[in-house]
Amino acid sequence: MWFNHQTFFNAYEERFAPLPANKRTALDTLLAYIQLDPDVTDMRWAAYMLATVKHECADTWLPIAEYGSDTYFGRYEPATTVGARLGNTQPGDGKRYRGRGYVQITGRANYARLGQRLGIGDALVDDPDRALEPLPAYRILSLGMREGLFTGKRLGDFIAGQQTDYLGARRIINGTDQAAAIAAYALGIEQALYLALDGADSIDQKDPIHVKMDE
């Protein structure tokens, strides 16, 4: 898939809100990663991924870190039920392995597992702030949502063939939290992507929604 970025920005702003220069630059980077991702070939997947980032990153379009005090992150410490489930083993792991990225990966075990899946070994365990760099953050987002590495649910479970379940797709990340809002984002973003798709003028305009690139 290849998109005209300016056309996308214009269509996005018509549906949502103006994009200041810093947000436009961040979204431009993210859209470029999606274009170059050989494993994202369905425009609806791209739309839902972008909708997820819009929500998870507080509309900044940048990878962010979970905010909180030392007391707040104490709930992730090894002695707690949550901390043990997240694989935290050392004092301070609660804050060290707090949520980061385009999606909030949390816990020593998840940093280790995703680093291995990305082929970078223990890099995320040794330096968890690498999950705040746009490219590793995108690779985590794409791999995790496509292969179900966050909750066991994946994009193909909700968006495939004639099925487009943007509401249910929230289960890929976080149950049903804000599912309706993110589904609405996905629909608007899908429309904007369609309009920005190179060659869109030659595609049947009768049904611009839920177009699959392999159809």
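One can find the structure itself at the top, above this paragraph.
Residues numbered from 1 in each chain as written. Predicted model: local features only at pLDDT ≥ 70, side-chain atom pairs only at ≥ 80, totals over all residues. Heavy atoms only, no water.

Visitor: Would you mind going over the overall build of the chain with me for this structure?
Guide: When you go through the chain residue by residue, the secondary structure sums to 11 helices and 4 strands. Whereas a compact globule of 215 residues would reach a radius of gyration of roughly 17 Å, the chain reaches 18 Å, a difference of no more than 12%. Expressed as a percentage of the 215 residues in the chain, the buried residues total 44%. Put simply, 57% of the contacts in the chain that link residues at least 6 apart link residues at least 24 apart. With the model as given, the accessible surface of the chain reaches about 10100 Å², and the carbon-plus-sulfur share is 51%. Distance from the positive charge centre (23 side chains) to the negative charge centre (28 side chains) of the chain: 5 Å. (Helix = DSSP H or I, 4+ residues; strand = E, 2+ residues; numbered from the N terminus. Rg over C-alpha atoms; globule rule 2.2 N^0.38 Å. Buried < 20%, exposed > 50% of the residue type's maximum accessible area, 1.4 Å probe, protein only. Contact = heavy atoms within 4.5 Å. Areas by Shrake-Rupley, 256 points an atom, 1.4 Å probe, with all protein chains shown as cover. Lys, Arg positive; Asp, Glu negative; His and termini not counted. Charge placed at Lys NZ, Arg CZ, Asp CG, Glu CD.)

Visitor: Just to check I follow, could you spell out the packing of helix α1 (residues 5–15) against helix α2 (residues 21–36) for this structure?
Guide: The axes of two packed helices give the description: the angle between them and the distance between them. Two numbers describe how α1 lies on α2: the axes approach to 11 Å, and their chain directions differ by 120°. When the axes of α1 and α2 are compared, the pair comes out oblique. Crossing handedness for the pair α1 and α2: right-handed. In this structure, α1 uses His5, Gln6, Phe8, Phe9 and Glu13 to contact α2, whose residues at the interface are Arg24, Leu27, Asp28, Leu31, Ala32 and Gln35. Of the residues assigned to the contact of α1 with α2, the class counts are 5 nonpolar, 3 polar and 3 charged. (Axes fitted to C-alpha atoms, helices over the stretch in contact; angles between N-to-C directions. Parallel < 35°, antiparallel > 145°, perpendicular 65-115°, else oblique. Left-handed = near helix turned anticlockwise from the far one by under 90°. Nonpolar A, V, L, I, M, F, W, Y, C, P; charged D, E, K, R; others polar.)

Visitor: Hey, could you run me through the layout of surface pockets in this one?
Guide: Approximately 500 Å³ is the volume attributed to the largest pocket. Along the wall of the largest pocket there are 20 residues; nearest its centre are Gln104, Ile105, Thr106, Asn110 and Ile173. Where the lining of the largest pocket is concerned, the elements lending two or more residues are α3 (43–56), α5 (81–85) and α7 (108–117). Looking at side-chain class alone, the lining of the largest pocket contains 8 nonpolar, 6 polar and 6 charged residues. (1 Å grid on protein atoms, 1.4 Å probe; cavity = no way out; pocket = protein on both sides within 12 Å on 5 of 7 lines; lining within 4 Å. Points joined across faces, edges and corners; volume = space filled by probe spheres on them.)

Visitor: Explain the side chain of arginine 44 to me, please; I cannot follow it from the model alone.
Guide: By secondary structure assignment, the location of arginine 44 is in helix α3. According to the relative accessible area criterion, arginine 44 is buried, its value standing at 1%. A polar atom in the side chain of arginine 44 sits 3.1 Å from the backbone oxygen of glycine 161. Among the polar contacts made by the side chain of arginine 44, one reaches the side chain of threonine 164 at a distance of 2.7 Å. (Polar contact = N/O pair within 3.5 Å; in protein donor to acceptor, adjacent residues only side chain to side chain.)

Visitor: Explain the packing of aromatic side chains to me, please; I cannot follow it from the model alone.
Guide: In this description, an aromatic ring pair is defined by two values, namely the gap between the centres and the angle between the planes. With the rule as written, the count across this model stands at 11 aromatic pairs. Both rings, one in tyrosine 33 and one in tyrosine 138, keep their centres 5.6 Å apart while their planes meet at 35°; by these two values the pair is tilted. Here tyrosine 33, found in helix α2, pairs with tyrosine 138, found in helix α9 (residues 134–147); they are 105 residues apart in sequence, far enough to count as distant. The class for tyrosine 33 is partly exposed, based on a relative accessible area of 21%. (Phe/Tyr/Trp six-rings, centres within 6.5 Å; stacked < 30°, edge-to-face > 60°.)

Visitor: Explain α9 here, please?
Guide: The terminal C-alpha atoms of α9 lie 20 Å apart, and with 14 residues this matches the ideal 20 Å at 1.5 Å per residue to within 8%. The element α9 is extensively covered by neighbouring structure, given that 10 of its 14 residues are classed as buried. What α9 keeps buried is the set Pro136, Ala137, Tyr138, Ile140, Leu141, Ser142, Leu143, Gly144, Met145 and Arg146. Summarising the contacts, the buried residues of α9 are in contact with α2, α3, β2 (100–101), α7, α8 (123–126) and α10 (155–158). At the C-terminal side of α9, glycine 148 shows a positive phi close to 75°. (Expected span 1.5 Å × (residues − 1).)

Visitor: What am I meant to see in the pattern of salt bridges here?
Guide: A side chain of one charge can pair with a side chain of the opposite charge if their charged atoms are brought near each other. Tallied over the entire structure, the rule returns 14 salt bridges. Among the ionic pairs, arginine 100 bridges to aspartate 129, the shortest N-O distance being 2.8 Å. Residue arginine 100 is found in strand β2, and its partner aspartate 129 is found in the loop between α8 and α9; the two are separated by 29 residues along the sequence. Here arginine 154 ties to aspartate 157 by a salt bridge, and the two come within 3.7 Å at their closest N and O atoms. Each member of the salt-bridge network shares a partner with another, and the members are Lys23, Lys54 and Asp59. (Salt bridge = Lys/Arg side-chain N within 4 Å of Asp/Glu carboxyl O.)

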